[in-house]
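What follows is each chain in one-letter form.
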Amino acid sequence: MVDGRPEEIEGYQDHQCAVLGSPVLEWWEHVALKGGLSADCIASVKEYTRGRAFQELNNYLRYGSVTPGRKSRKELELFKARIVAAIEKSPAIPDGVVLWRGIGNAAGRQIAELDIEDDYADEAVLSTSISFDTGRDYAEEWQTLPSDGIHYTILRFVTSEQQKGIFYPREDESEIILRPETLWRVTNKHLVEGQRGRTKVYYHIITMVSTGGYS
Amino acid sequence: MKKDGRFTGEGRKVGHGKITDAQIAAVKRATGYEPDIPDHARATPKSEPAVQAPTN
């Protein structure tokens, strides 16, 4: 047990490395360096993955909110369109690659209640990581009652059906971004239980697979 | 969850559907084991008897 994390949860990453191998590192080179994208699209992906603009865009896509003094509605639509264009021109991710995403405390409980067969989508650009640890670090704790312990919801996306995405490595994160409204189907749910002091800690691992569609 | 069934952020349930053999294979490849999916959720139920040619 490390910092309240069940030991078995640490093992998720090992298998992922074996499955992914090196092809993922070639995606961005293939797309950006071989002329598949305009300079504007490349700039938008950089802006999304390296700055704070992702929050602005995703708040707009989820809630329709625009921050005064920042990008206008029209600029946000263009920002989204360029990112989507970049993703659409990217090569398909190999089948069976795992992408992790930790869910914040506002939605963790509802998403943990999804069932097998349910289809899931997010209106926002979907930021994921090939690193389990990164995905877990983004998960925020949620509680039902204090006596029920602390809960985290972590999505395990499994690629299939020619799923597209852009890999944009940076120093602190191996992020893969996917199109808004990408449709995933829940295949299984796994509850990993741990202990933090006297408090029970639960990790809800929700596995979803690509459907090849959009909501 | 909001009244219209949409989550308050970070995604929502948008429907449901059967899980195909290809999707199950992808999960198995990724995780190292076949997910425990009930027959009713499978596009091809596991317990479905194989079609056999007449034997007369």
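Owing to the predicted nature of the structure, the values given are computational and were not obtained by experimental measurement.

Asker: Before we move on, could you go through the confidence of the model for chain B and cite the residues and values that matter?
Answerer: Residue and element names in this part refer to chain B. On average, residues of chain B score 80 in pLDDT, and 71% of them reach the 70 mark or higher. Predicted confidence is poor over residues 1-7, with pLDDT under 50, and the contacts of this stretch with residues over four places away or in other chains come to 12 contacts. Scored as a whole, the predicted complex attains pTM 0.84, and scored at its interfaces, ipTM 0.80.

Asker: Any chance you could break down helix H4 (residues 39-50) of chain A for me, citing the residues and the numbers?
Answerer: All names here are of chain A. Under the 1.5 Å per step criterion, the end-to-end length of H4 is 16 Å for 12 residues, consistent within 8% with the ideal 16 Å. Among all positions in H4, only Cys-41, Ile-42, Ser-44, Val-45, Tyr-48 and Thr-49 are buried. In a view along the axis of H4, the buried residues occupy a sector of 160 degrees, so they form one face of it.

Asker: Describe the nonpolar core, listing the residues and the values that go with them.
Answerer: Residue and element names in this part refer to chain A. In terms of nonpolar packing, the biggest core is built from 19 residues, with Leu-99, Tyr-120, Leu-155, Phe-157 and Met-208 touching the most fellow members. Of all the secondary-structure elements, those providing two or more residues to this core are strand S4 (150-158), strand S6 (173-178), strand S7 (182-196) and strand S8 (199-214). Counting residues in hydrophobic clusters, the runner-up holds 17 residues, among them Leu-37, Leu-57, Ile-83 and Ile-177.

Asker: Give me the interface of chain A and chain B: which residues, what numbers.
Answerer: Facing 40 residues of chain A, the contacting portion of chain B comprises 31 residues. Together chain A and chain B conceal approximately 2,800 Å² of surface at their shared face, both sides included; 52% is due to carbon and sulfur atoms. Looking only at chain A, the three residues that lose the most surface to chain B are Gln-110, Glu-117 and Arg-185 of chain A, adding up to 21% of its buried area. Its salt-bridge partner being Asp-118 of chain A, residue Lys-13 of chain B comes within 3.2 Å of it at the nearest N-O pair. Here chain A and chain B share 15 residue pairs in polar contact (both at pLDDT 80 or more) between them.

What counts, and at which threshold
Residues numbered from 1 in each chain as written. Chains lettered and ligands numbered in written order. Predicted model: local features only at pLDDT ≥ 70, side-chain atom pairs only at ≥ 80, totals over all residues. Heavy atoms only, no water. pLDDT = per-residue confidence, 0-100. Contact = heavy atoms within 4.5 Å. Helix = DSSP H or I, 4+ residues; strand = E, 2+ residues; numbered from the N terminus. Expected span 1.5 Å × (residues − 1). Buried < 20%, exposed > 50% of the residue type's maximum accessible area, 1.4 Å probe, protein only. Arc of directions from axis to C-beta. Core = buried A, V, L, I, M, F, W, Y, C linked by side-chain atoms within 4.5 Å. Buried area = accessible area lost by both parts, 1.4 Å probe. Salt bridge = Lys/Arg side-chain N within 4 Å of Asp/Glu carboxyl O. Polar contact = N/O pair within 3.5 Å; in protein donor to acceptor, adjacent residues only side chain to side chain.

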